[in-house]
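Structural characterization, general
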Amino acid sequence: LEAAHAVIATRNPEINAVIDLYYEPVDDPRAEGPFAGVPFLLKDIGAGIAGKRTSCASRALASVPPQLHDDELTRRFKASGLRILGKTNLPELGFNVTTEPVLFGPARNPFNPAHSPGGSSGGAAAAVASGMVPMAHATDGAGSIRIPAACCGLFGLKPSRGLVPQGPAHSDIYGGLVSEGVITRSIRDMSAALTAMAGEDVGRPYAAPAEKPVKRTLHIGVLTESAPDIVIAAAAHQALERAVTDFLALGHQVEPVGTFVDLEDWTLPRQVYLAQVCVQAAAGFPDPAIPEGLEEINRAAIALGRRMTAAQYLTVMRRGHDFARRFAAVWNRFDVLLSPALSDVAPKLGRFPTDHSDVALHVDRMTRLAPHAGVFNLTGGPALVLPVMRSPGGLPIGVQIAGDLGTDWQLLALAAEHEALTAVVTTT
């Protein structure tokens, strides 16, 4: 605990990962779980905690009174022994792939402060990568756990839909797109954290998927096809090729997936995400006057959501569900899909501005950074980013492995094999 406070005091003025630091850590003094005594940070959205503000990095919400109860996930964090020290930075309302809110200012990548740690869980990843805490809470609606993990050379798992609780404050977030989890330095910690987080959640809208058996030898499909506007940088291709070599060395069968859905289908996950962002924003701010304190992109999302008809919304949702059905055929051939985590290295600060009102353009830009992330928010299956290499400039580059619903432990087992083989250093 003393070490965590010391690193935060030293690194946070530059990195700006932590935006609320508690005078006394919040924990369950009776807890004897696997993380007893381990310092921990919550993202400033999701996993609400009694008596502490949740601003969602928005000036419009900064003065909202704290909730009076812990969310179920927060209770599980406490029961595992974690000592909650504060909250981490994020883009306003989590709506960006970099972390540069007007309210708190930009979080910076510990490997190069001119670059972003990603988003929306950028503060969490920056805190872990800079050694402030060994792991931190994160959320993911279109890659928001995995993008920062890739930017900062860490492990980030978006769990299967329904596996990790989101109650009692939420019955559903973004139509099932959003999952909560953690970002860690090791698969050992990720596995222990998933065990602590997963389980029954009273009143949950999605049943936890049945856990599928973990296979020793896997058929891995290499997924490179994506939307027509995606360009994968040479460094990302190199990381993918290195991961293929590693998995072959581990005895797995690896081959290209090839074409299995129509080219235009790859834009459907972003269309669903765009519709959800706008409709949920409109529902979250029902008063006729849109708060002046919101950043321009979020004000525009509310306005767009208010103009969207029920028929338009349902049409997009149905097309998304149809895509998920067609996509599921790939699991008849492969156990795991391997793809680039990002189309390039961590972006420089300022590359994803929010001082404009073109919401569709903003979502297009976000998707082009992480072209295969939102697919698995839509299908509901787990997806895990693991570090592979560094760019010539020293920035981390990762890959994504993903599976069908209920294959979370299969992904963790595969990642543990890869971690042992490569022993990638994941902290600066």
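1. Description of the overall build of the protein
When helices and strands are tallied, the protein shows 12 helices and 11 strands. Its C-alpha atoms give the protein a radius of gyration of 20 Å, near enough to 22 Å, the size a compact globule of 428 residues would have. Principal axes of the C-alpha set define a box for the protein whose edges measure 55 × 50 × 45 Å. Considering only intrachain contacts with a sequence separation of at least 6, the fraction spanning at least 24 residues in the protein is 80%. For the protein, the exposed surface amounts to about 16,300 Å²; the carbon and sulfur share of it is 54%. Distance from the positive charge centre (36 side chains) to the negative charge centre (42 side chains) of the protein: 1 Å.

2. Some details on the pairing of strand β10 (residues 383-390)
For β10, the tally of buried residues reaches 7 of 8 residues, placing the bulk of the element in the interior. From the end of β10 to the start of strand β11 (residues 396-402), which pair antiparallel, there are 5 residues, and G394 there has a positive phi angle of about 90 degrees.

3. Here we look at the confidence of the model for the protein
Averaged over the protein, the pLDDT score is 96; the fraction of residues at 70 or greater is 99%. Below a pLDDT of 50 lies the segment residues 424-428, which in the model reaches 19 contacts outside its immediate sequence neighbourhood of four places, other chains included.

4. Side note on the nonpolar core
F77, F95, F327, L337, L338 and I401 are the most contacted members of the largest nonpolar core, which totals 128 residues. No other element matches the 8 residues that helix α7 (residues 268-284) contributes to this core.

5. Some words on the side chain of N377
Within the secondary structure layout, N377 lies in helix α11 (residues 374-379). Take N377: its relative accessible area is 1%, and that puts it in the buried class. With sequence-adjacent residues up to four places away left out, N377 is seen in contact with D140, G141, A142, G143, R146, K158, R161, G176 and L177.

6. Looking at the state of the cysteines
Working definition: the covalent bond between the sulfur atoms of two cysteines is a disulfide. Applying the stated criterion across every chain yields a total of 0 disulfides. You can see C56 has no disulfide; the closest cysteine sulfur is in C278, sitting 17 Å from it. Taking relative accessible area as the criterion, C278 reaches 0% and is therefore assigned buried.

Conventions adopted
Residues numbered from 1 in each chain as written. Predicted model: local features only at pLDDT ≥ 70, side-chain atom pairs only at ≥ 80, totals over all residues. Heavy atoms only, no water. Helix = DSSP H or I, 4+ residues; strand = E, 2+ residues; numbered from the N terminus. Rg over C-alpha atoms; globule rule 2.2 N^0.38 Å. Contact = heavy atoms within 4.5 Å. Areas by Shrake-Rupley, 256 points an atom, 1.4 Å probe, with all protein chains shown as cover. Lys, Arg positive; Asp, Glu negative; His and termini not counted. Charge placed at Lys NZ, Arg CZ, Asp CG, Glu CD. Buried < 20%, exposed > 50% of the residue type's maximum accessible area, 1.4 Å probe, protein only. Pairing = 2+ DSSP bridges. pLDDT = per-residue confidence, 0-100. Core = buried A, V, L, I, M, F, W, Y, C linked by side-chain atoms within 4.5 Å. Disulfide = S-S within 2.5 Å.

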